[in-house]
Amino acid sequence: MPTLQLLRADHAPAVLAFERQNRAYFGAAVPDRGDDYFAEYAARHAALLAEQASGDGAFYVLVDEDGAVLGRFNLVFTGDGAAELGYRVAQHAAGRGLATSAVRELCLFAASRHGARTVAASVATENAASQKVLTNAGFVAVGPADPASLGGHPGTRYERGLEPS
């Protein structure tokens, strides 16, 4: 059974492998991260861990029994009990309900571990799979998303209120 784990330093090789193996798949739905992202991944991973240690974000990986990363689920705290959600799931793991389950669990963590009261996410109009995940995880469409947050694409903004822990 896959588990949602808070990002650690020793996750770096598995996360990089996940990003490389799914680069083309992700690039079909969201802007590509670019070659520099992969060339400078060690520094990027260290920066995420520093951001997490400072309390500005919480970064999780969905890990299978063999230690392979099946997905990434990120919370960036924007102040006043609010968090911004971002996530991506490996192509071979898509369509099995893993993203929906992980987003639901992450919302529980957002409230209980990180004190968030609301979580928001923006999804491109053409990304029906992510719209379905958010809706199934209890998010509600609240209006248009800022295209700048979606690589210039139009989209929808979703929000979910969280129960205090």
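It should be noted that the structure appears before, not after, this text.
Parameters at a glance
- Residues numbered from 1 in each chain as written.
- Predicted model: local features only at pLDDT ≥ 70, side-chain atom pairs only at ≥ 80, totals over all residues.
- Heavy atoms only, no water.
- Helix = DSSP H or I, 4+ residues; strand = E, 2+ residues; numbered from the N terminus.
- Buried < 20%, exposed > 50% of the residue type's maximum accessible area, 1.4 Å probe, protein only.
- Core = buried A, V, L, I, M, F, W, Y, C linked by side-chain atoms within 4.5 Å.
- Contact = heavy atoms within 4.5 Å.
- Phe/Tyr/Trp six-rings, centres within 6.5 Å; stacked < 30°, edge-to-face > 60°.
- Lys NZ or Arg CZ within 6 Å of the ring centre and 35° of its normal.
- Arc of directions from axis to C-beta.

Of note, the phi angle at Asp 80 is positive, near 55 degrees, even though the residue is not glycine. Locating Asp 80 in the fold gives a position in the loop between strand 3 (69-79) and strand 4 (82-89). Judged by its relative accessible area of 71%, Asp 80 falls in the exposed class.

Here we come to the nonpolar core. Within the largest apolar cluster, 45 residues are counted, with the highest numbers of intra-cluster contacts made by Leu 4, Phe 73, Leu 85, Val 103, Val 119 and Phe 139. Tallying contributions element by element places helix 5 (residues 98-112) first for this core, with nine residues. Those residues in contact with Val 103 that sit more than four places away from it in its chain are Phe 73, Leu 85, Tyr 87, Val 133, Ala 137 and Phe 139.

Within this structure, the stated rule accounts for six aromatic pairs. For the pair Phe 18 and Phe 26, a centre-to-centre distance of 5.4 Å together with 55 degrees between the ring planes defines the contact as tilted. Of the two residues examined, Phe 18 and Phe 26, each falls in the buried class. Grouping aromatic residues by their ring pairs yields a cluster made of Phe 18, Tyr 25 and Phe 26. Above the ring of Tyr 37, the side-chain terminus of Arg 33 is found at 4.6 Å from the ring centroid. Above the face of the Phe 26 ring, Arg 88 is positioned so that its terminal group lies 4.3 Å from the ring centre.

Residues of helix 6 (residues 128-136) that are buried: Ser 130, Gln 131, Val 133 and Leu 134. Projected down its long axis, helix 6 shows its buried positions confined to an angular sector of 160 degrees, all on one face. Residues of helix 6 that are exposed and point more than 90 degrees away from the buried face comprise Ala 128, Ala 129 and Lys 132. Elements in contact with the buried residues of helix 6: strand 4, helix 5, strand 5 (118-124) and strand 7 (155-161). Residue Gly 138 follows helix 6 closely and has a positive phi angle near 95 degrees.

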